[in-house]
Amino acid sequence: PGQEGKPDAESAEKYYGLGLTAYYAKKYTVAIENFEKAVKASDTDARYRYFLALSLWGSGKKAEADVEFLRGRELELTNKPNFQSVSHSLTRIQ
């Protein structure tokens, strides 16, 4: 969470975007750093967790990736964000 424990959606989206750019360029270390910053800024978005997991997986950190996949799933099941947003974000990798 951002300042005083409150989610910082603007920072989270910025880091999510930077993470996506790095992920699709297969720069997994940079992607991980950005997705971790997105999660730190706002930890209630399944997309951040899923792409953190995919980046960890791509860098060979399978056990850590599994944990993040589960965290992402938990958020998705509570509609954070809605199913359509999560599905749309994962379209390129499905």
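Provided above is the structure to which this section pertains.
Reference entry: report on the structure contained in this document. (Residues numbered from 1 in each chain as written. Predicted model: local features only at pLDDT ≥ 70, side-chain atom pairs only at ≥ 80, totals over all residues. Heavy atoms only, no water.)

Section: the packing of helix α1 (residues 9–24) against helix α2 (residues 28–41)
- It is at 8 Å that the axes of α1 and α2 come closest, and there the two elements cross at 165°. Comparing the axis directions of α1 and α2 gives the class roughly antiparallel. In terms of crossing hand, the pair formed by α1 and α2 is left-handed. In this structure, α1 contributes Ser-11, Ala-12, Tyr-15, Tyr-16, Leu-18, Gly-19, Leu-20, Ala-22 and Tyr-23 to the contact, and α2 contributes Tyr-28, Val-30, Ala-31, Asn-34, Phe-35, Lys-37, Ala-38 and Ala-41.
- Residue composition of the contact of α1 with α2, grouped by class: 13 nonpolar, three polar and one charged. (Axes fitted to C-alpha atoms, helices over the stretch in contact; angles between N-to-C directions. Helix = DSSP H or I, 4+ residues; strand = E, 2+ residues; numbered from the N terminus. Parallel < 35°, antiparallel > 145°, perpendicular 65-115°, else oblique. Left-handed = near helix turned anticlockwise from the far one by under 90°. Contact = heavy atoms within 4.5 Å. Nonpolar A, V, L, I, M, F, W, Y, C, P; charged D, E, K, R; others polar.)

Digging into the packing of aromatic side chains
- Taken as a whole and assessed by the stated rule, the structure comprises eight aromatic pairs.
- Centre to centre, the rings of Tyr-16 and Phe-51 are 6.1 Å apart; their planes meet at 70°, and the pair counts as edge-to-face. With Tyr-16 in helix α1 and Phe-51 in helix α3 (residues 46–58), the pair connects residues that are 35 residues apart, well separated along the chain.
- Judged by its relative accessible area of 6%, Tyr-16 is buried.
- For Phe-51, a relative accessible area of 0% puts it in the buried group.
- Positioned above the aromatic ring of Trp-57 is the side chain of Lys-62, whose terminal nitrogen or guanidinium carbon lies 4.3 Å from the ring centre. (Phe/Tyr/Trp six-rings, centres within 6.5 Å; stacked < 30°, edge-to-face > 60°. Buried < 20%, exposed > 50% of the residue type's maximum accessible area, 1.4 Å probe, protein only. Lys NZ or Arg CZ within 6 Å of the ring centre and 35° of its normal.)

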